[in-house]
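What the coordinates show
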Amino acid sequence: MTHPAAPDGVNSARARHWHRTQRLTAVLLLVWFVVGFVVTWFARDLDFPFLGWPFSFWMAAQGGVIVFVALLAVYARRMARIDRRLQAEGGSGGHGDVVQAPR
Amino acid sequence: MGIRSRTFAPARGRFAAMGGAAFSRRLHWIYLAFGLAFLAFVGVMALLEQLGLSRRWIGFLFLVGPIVFYAGIGILCRTTDPTEYYVAGRRVPALYNGMATGADWMSAASFIGMAGTLYLSGYGGLAYILGWTGGFVLVALLIAPYLRKFGQYTIPDFLAARYDGNLTRVIGVVAAIGCSFLYVVAQIYGVGLITSRITGVAFEVGVFLGLGGILVCSFLGGMRAVTWTQVAQYIVLLVAYLVPVAWLSLKQHATVVPQATYGYQLQKVIAAEKRLQADPAEQQVITIFRQRAAELDARLADIPTALAAERSAAARRISELKAANAPQGDIQAAERVLARVPRDADTARDEWTHARDANLERARPLAGMPPHAQQFAGDPHGDAATRKAFDDSRHNFIALVFCLMVGTASLPHVLTRFYTPPSVSEARTSVAWSLFFILLLYVTAPALAVLVKVEVFQSLVGTRFDQLPAWINNWTHVDGSLLQVADVNGDGILQLGEMKIGGDIVVLATPEIAGLPYVISGLVAAGGLAAALSTADGLLLTIANALSHDLWFRIVDPSASATRRVTVSKVLLLMVALGAAYVTAQKPGDILLLVSAAFSIAASAFFPALVMGVFWKRANRWGAAAGMVAGLGLTSYYVLVNQPGVREAFGITSPIQLWWGIQPIAAGLFGVPVGFAVLVAVSLLTPRPSQAALAMVDDVRLP
């Protein structure tokens, strides 16, 4: 995570930012995995009635999709907060393209 | 037209001056006006229908009207600036990028095919809903923000910058063109089908008419024009999908939002399934199909004798008729029977085997459909055979979900859309909007499948043949592969087993099933066309850009001027489009089969290299290249050796050998992990990536 041109404080702020990003990503991926695969694996057993549907049918047809959208909304909001913390800790400044687009 | 021409006029300076919020507000007004104009258009068409305008004209206007509209946007958005042409100027607000991605993503298969698949396979079809939506979680968490931060033009651009040079770029170009071309042929096929069915022109003419609709958007304005037409197309396809479903639900005395309440309709389906399975008339139909299969089996046991017997019986019948001075029509019919007797033993074996399988197919309970709500086939507590059926079905469901998810996160034409928002955080928000807009349709499709099933099981089955509703007659005449009914057991009443349904009819015929005026059928056709056109636009652009930007500009002639790059891109786009239309006009059944594998192919080629490129600094060019080739190779091999249609096309005769019973459609289940493993192993065995590559990783990780 070191950036040769940047002072140490900036680098550690950036390291913390990446660490937080990874942690959020991992937590949300865990939820995604449970909803997408674990619940689906046990679909036959999760057959109890739920608002008129068998539960696992509802999860595959609606519940899963709704959870996925919620995950993305949480991700966008949380990441915005993590980005603001980076700015507050003085680690921002990574604006602009890596390689300037050739014209 | 006034507002739009001012907004889309090629004046970048004014956009730069206009704040993001003002631009968004302006877009809200434009698309609100578009939505109202579209509803007014539907209203006028309904009025014209009342005044006696013929169906053919209504269908024609529903195809041409929206296309003229899209073309108008395309012309207003024409551009020669590379940033405008490749990534729409990078100022598409999150909400609108979400709608454009929704239209880009939802193809003819989503719009027309999915409800049909759900109708025919019940819970098994839900793998598509879960997979195609869950993939966007991967897009948002692992790929989209980093691509946006990188901020170039194509997916191979990313691979080349991260993995030091053009090796991964070339592999990426090959994979991107391969899966996008398969996909675009399927879209143009859908366009041709809808156009020819609604207007009555020949399929090939329909293909080239539709091609005109695709080209006016992407040719003049590239990504910029495609973006703003895709937003309009999203509005059209959503309205066209939701209106008939809400109406059908009202007709069944349910709510206007069947999505929230169709659980109770599902209970009716489950009850009807029990009743139909116990019904003696249904069992009679099944017995008849079994007998027909057994009879064909007997013939197959001794083909030469059976063939001779059949030929002499037909000849005898003709001479009998002639001797009895029967009417000429009867004699001609008998002669046709003789002409249809297979020429030789080989043709006879093929034809009869095929016929036997078709009869066995229809000799299954509930016309071959599994009970709608039953999760997986077989029974975990039954005997060995049903236990194996259960395990196979469960494994394949999970594998398919996995491949569709990872494939969604790897399709270049979808990922490119996330280069277009103005910032990294807007890119994140726009994935959430994309999935929300996709959800609106994907939550409706399973509801529609259940509503149509209620209609068929409760009202249609058990009707007397002379009282069948008009839509049955209409559709059996249009296309026998969509709908066939025959009174197999001769009791004058329709049984479920006597109907053979093709999935596509579920969406296409919903307006008629719900008893809606023809104008709604036209609306559905316009929606299907919008879905196919928007996806085809995005795909063609991806292919042409891979060729012009990645191959020609980046490798062959890096000194080309900006305008020249765009011109080359447009010429290539035209050539690719004509090539795709030519392939489509041959009606290639084999290619359509390959499309189902496009997700697995994209997944194993791109996913490991894209994700590891951001999350593992040690990944280097040799590892990425080896991983991409290994994943791509393994998946293609598995599809080639095991997919029946592909085997036939390439003349492969080795026995089908499935690994752990996984179907070839989910080949990515093997390709993706192997791609990851090879990438890691080869990276560790070869030198570290360059300082430039490491700096790039640091940079894309920052917002």
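Because the structure is predicted, anything quoted here is derived from the model rather than measured.

**Notes on the overall build of chain B**
Broken down by element type, chain B carries 29 helices and two strands. Each principal axis of the C-alpha atoms in chain B carries an extent, and together these give about 90 × 70 × 50 Å. Residues classed as buried in chain B amount to 52% of the 703 residues present. Nonlocal contacts in chain B, meaning residues at least 24 apart in sequence, comprise 82% of its contacts between residues at least 6 apart.

**Brief notes about the overall build of chain A**
Scanning chain A from N- to C-terminus turns up two helices and two strands. Of the regular secondary structure in chain A, the N- to C-terminal order runs α-β-β-α. Residues classed as buried in chain A amount to 30% of the 103 residues present. Considering only intrachain contacts with a sequence separation of at least 6, the fraction spanning at least 24 residues in chain A is 57%.

**Describing the environment of Gly579(B)**
Note on placement: Gly579(B) falls in helix H24 (residues 562-585). It is 49 Å that separates the C-alpha atoms of Gly579(B) and Ala272(B), two residues lying 307 residues apart in sequence.

**A few points about the confidence of the model for chain B**
All names here are of chain B. For chain B, per-residue confidence averages 82 on the pLDDT scale, and residues scoring 70 or more make up 95% of the total. Here residues 1-17 is modelled with pLDDT under 50, and outside its nearest four sequence neighbours on either side it reaches 16 contacts, counting other chains as well. This complex was scored by the predictor with a pTM of 0.86 and an ipTM of 0.85.

**Focus: the domain arrangement of chain B**
All names here are of chain B. As far as domains go, chain B holds domain 1 (1-6 + 21-256 + 377-555 + 566-586), domain 2 (280-368) and domain 3 (588-703). Listed by partner, the interface residues are 40 residues for domain 1 and 41 residues for domain 3. Listing elements by their share of the side of domain 1 that touches domain 3, those giving two or more residues are helix H8 (126-150), helix H9 (155-162), helix H10 (166-199), helix H17 (384-408) and helix H19 (424-442). At eleven residues, the largest contribution of residues to the side of domain 1 that touches domain 3 is made by H10.

**Details of the confidence of the model for chain A**
The predicted coordinates ought not to be read in detail in places where the model reports low pLDDT. All names here are of chain A. Across chain A, pLDDT averages 80, with 82% of residues at or above 70. Averaged over each element, pLDDT in chain A is lowest for strand E1 (residues 49-50) (82) and highest for helix H2 (residues 55-88) (89). This model gives residues 94-103 a pLDDT under 50, and the stretch forms eleven contacts once residues within four places in sequence are excluded.

**Examining the interface of chain A and chain B**
Chain A puts 43 residues into the contact, and the matching count from chain B is 44 residues. Counting residues per element, the ones that place at least two in the side of chain A that touches chain B are helix H1 (8-41), strand E2 (53-54) and H2 of chain A. It is H2(A) that contributes the most residues to the side of chain A that touches chain B, 19 residues altogether. Broken down by class, the residue content of the side of chain A that touches chain B amounts to 29 nonpolar, nine polar and five charged.

**Considering the packing of H8(B) against H17(B)**
Residue and element names in this part refer to chain B. It is at 7 Å that the axes of H8 and H17 come closest, and there the two elements cross at 40°. Accordingly, the angle class assigned to the pair H8 and H17 is oblique. Crossing of H8 over H17 shows right-handed handedness. Each of Ala-127, Tyr-128, Leu-130, Gly-131, Trp-132, Gly-134, Gly-135, Phe-136, Leu-138 and Val-139 in H8 lies in contact with H17, whose residues at this interface are Phe-397, Leu-400, Val-401, Leu-404, Met-405, Val-406, Gly-407 and Thr-408.

**So, the nonpolar core**
In this structure, Leu72(A), Ala140(B), Ile188(B), Leu237(B), Cys403(B), Leu435(B) and Leu540(B) are the most contacted members of the largest nonpolar core, which totals 237 residues. Examining the composition of this core, we find that 24 residues originate from one element, helix H11 (residues 203-251) of chain B, more than from any other. Two domains each donate at least three residues to this core, and these are domain 1 (1-6 + 21-256 + 377-555 + 566-586) and domain 3 (588-703) of chain B. Look past the residues within four positions of Cys403(B) in its chain and what remains in contact with it is Phe599(B), Ser600(B), Ala603(B), Ala666(B), Gly668(B) and Leu669(B).

**A look at helix H22 (residues 505-513) of chain B**
All names here are of chain B. Taking burial as the measure, the nine residues of H22 include nine buried ones, the bulk of the element. Turning to H22, its buried residues number three or more, namely Ile-505, Val-506, Val-507, Leu-508, Ala-509, Thr-510, Pro-511, Glu-512 and Ile-513. At the C-terminal side of H22, Gly-515 shows a positive phi close to 70°.

**A closer look at the environment of Leu63(B)**
Residues and elements named next belong to chain B. Tracing the chain through its elements places Leu-63 in helix H4 (residues 55-76). For Leu-63, a count of 23 C-beta atoms within 10 Å corresponds to the buried category. Sequence-distant contacts of Leu-63, defined by excluding residues within four places in its chain, comprise Thr-195, Ile-198, Thr-199, Ala-525, Ala-526 and Leu-529.

**What about unusual backbone geometry?**
If you check the backbone angles, Asp164(B) has positive phi at about 50° while not being a glycine. Within the secondary structure, Asp164(B) is located in the loop between H9 and H10.

**A few points about the environment of Val257(B)**
Mapped onto the fold, Val257(B) is located in the loop between H11 and helix H12 (258-278). On a C-alpha basis, the gap between Val257(B) and Leu242(B) in space is 9.2 Å, while along the polypeptide they are 15 residues apart.

**Re the packing of H10(B) against H24(B)**
Residue and element names in this part refer to chain B. It is at 9 Å that the axes of H10 and H24 come closest, and there the two elements cross at 65°. Classified by chirality, the crossing of H24 by H10 is right-handed. Contacts between H10 and H24 involve Phe-181, Val-184, Val-185, Ile-188, Tyr-189 and Gly-192 from the first element and Ala-580, Ala-581, Val-583 and Thr-584 from the second. Its residues assigned to classes, the contact of H10 with H24 shows eight nonpolar, two polar and no charged.

Calculation rules
Along every chain, residues carry numbers that run from 1 in the direction the sequence is written. Ligands are numbered from 1 and chains lettered from A, in the order in which they are written. Local features in this predicted model are restricted to residues whose pLDDT is 70 or higher, and side-chain atom pairs enter the listing and the counts only when it is 80 or higher, whereas totals over whole chains, interfaces and linings include all residues. Helical segments are the DSSP runs of H or I of at least four residues, strand segments are the runs of E of at least two, and each set is numbered from the N terminus. Exposure in this text rests on C-beta crowding, where 20 or more other C-beta atoms within 10 Å of a residue's own make it buried, 12 or fewer make it exposed, and counts in between make it partly exposed. The C-beta atoms are placed from the backbone. By definition, residue pairs are in contact when their C-beta atoms, positioned from the backbone, come within 7 Å. Each residue gets a pLDDT score, which is the predictor's confidence in that residue and runs from 0 to 100. In this entry, domain limits derive from an automatic or database-based domain assignment. Just so you know the grouping, Ala, Val, Leu, Ile, Met, Phe, Trp, Tyr, Cys and Pro go in nonpolar, Asp, Glu, Lys and Arg go in charged, and all remaining residues, Gly too, go in polar. For every element, the axis is a line fit to its C-alpha atoms; helices are fit only across the contacting stretch, and the angle between N-to-C directions ranges from 0 to 180 degrees. Here is the rule for angles: anything less than 35 degrees is roughly parallel, anything more than 145 is roughly antiparallel, 65 through 115 is roughly perpendicular, and the remaining ranges are oblique. Here is the rule for handedness: rotate from the far helix to the near one, and if that takes an anticlockwise turn smaller than a right angle the crossing is left-handed, while a clockwise turn gives right-handed. Throughout this description, the term nonpolar core refers to a group of buried Ala, Val, Leu, Ile, Met, Phe, Trp, Tyr and Cys residues whose C-beta atoms join them within 7 Å.

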